[in-house]
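Working through the structure, step by step
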Amino acid sequence: MSELDVYARQGFGNSAGMGKAPALLIVDFVNGFADPAVFGGGNIGAAIAATVPMLAFCRERGIPVAHTRVVYAADGTDAGVFARKAPGLLRLTEDSPLSQIVPELAPVPGELVVRKLGASAFFETQLASWLRFKRVDTLLVAGCTTSGCVRASVVDSLQHNFRTVVLTECVGDRAQGPHEANLFDMGQKYADLMDNAAAMAAIRAG
């Protein structure tokens, strides 16, 4: 029996489907994560490039868009255990070039920019209430890293009862192994996996 057979026999891997009111969440596509010399590497650059047309598609249709940044106080006074595990993240302050969203995905008026101190885009942020105010039922997720902040945000999205779609071309990690393993796991338990073409087709179908 293959691993997929085990999951299928236990009832995992089903589709939640695309709802009627999607939003796009772009997790931590900032300069520091785009740079292999800082926090980047792997397929993150390719994921950023694939997100450009997806973002344009969503904007053309008036789909709500939210971006996230990890932002710490310049003196580190708001840092917690996450920063102890990865102290380099303390470089991501409000004014640091490393913490700025990459130019090709820069927010436009009307899009939410979430500043967060941890992995999940939802933890102690306004994201969930903003999505509910927009009457969103489905969250499309792009960003990095697949094994870190994307995964944490996807799990919390599900726990907030949003249908959740991971845009497989638009998420990236600094190493391929964690990227692929976490895509598999999210697809079995927490989200639907779609490439851009499939997601766009589902949105057009309404």
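All of the points below concern the structure found in this document. (Residues numbered from 1 in each chain as written. Predicted model: local features only at pLDDT ≥ 70, side-chain atom pairs only at ≥ 80, totals over all residues. Heavy atoms only, no water.)

This next bit is on the side chain of Ser153. Of note, Ser153 is situated in helix 6 (residues 146-159). Judged by its relative accessible area of 0%, Ser153 falls in the buried class. Those residues in contact with Ser153, other than ones at most four positions away along the chain, are Leu25, Val27, Ala119, Ser120, Ala121 and Phe122. (Helix = DSSP H or I, 4+ residues; strand = E, 2+ residues; numbered from the N terminus. Buried < 20%, exposed > 50% of the residue type's maximum accessible area, 1.4 Å probe, protein only. Contact = heavy atoms within 4.5 Å.)

At the junction of Cys144 and Thr145, the peptide bond is cis and its omega measures out at -10 degrees in the coordinates. Position of Thr145 relative to the elements: it lies in the loop between strand 4 (138-144) and helix 6. With a phi angle near 55 degrees, Glu124 is a residue other than glycine that sits in the positive phi range. Residue placement: Glu124 occurs in the loop between strand 3 (112-116) and helix 5 (127-133).

Quick look at the environment of Asp173 now. Mapping Asp173 onto the fold places it in the loop between strand 5 (163-172) and helix 7 (176-189). Under the relative-accessibility criterion, Asp173 is labelled buried at 2%. Residues Asp173 and Arg163 lie 10 residues apart in sequence; the distance between their C-alpha atoms is 23 Å. Once residues within four sequence positions are removed from consideration, Asp173 is found in contact with Gly41, Gly42, Asn43, Ile44, Thr145, Thr146, Ser147, Pro178 and His179.

Turning our eyes to something else, we now look at the packing of aromatic side chains. Under the counting rule described, the total for this entry stands at four aromatic pairs. Their ring planes at 90 degrees and their centres at 5.1 Å tell us that Tyr7 and Phe184 sit as a pair that is edge-to-face. Highlighted residues: Tyr7 in helix 1 (residues 3-9) and Phe184 in helix 7, separated in sequence by 177 residues. Residue Tyr7 is classed as partly exposed on the basis of its relative accessible area, which comes to 24%. Judged by relative accessible area, which is 30%, Phe184 ranks as partly exposed. For the pair Phe122 and Phe162, a centre-to-centre distance of 6.3 Å together with 25 degrees between the ring planes defines the contact as stacked. With Phe122 in the loop between strand 3 and helix 5 and Phe162 in the loop between helix 6 and strand 5, this pair connects stretches of sequence that are 40 residues apart. For Phe162, a relative accessible area of 5% corresponds to the buried category. (Phe/Tyr/Trp six-rings, centres within 6.5 Å; stacked < 30°, edge-to-face > 60°.)

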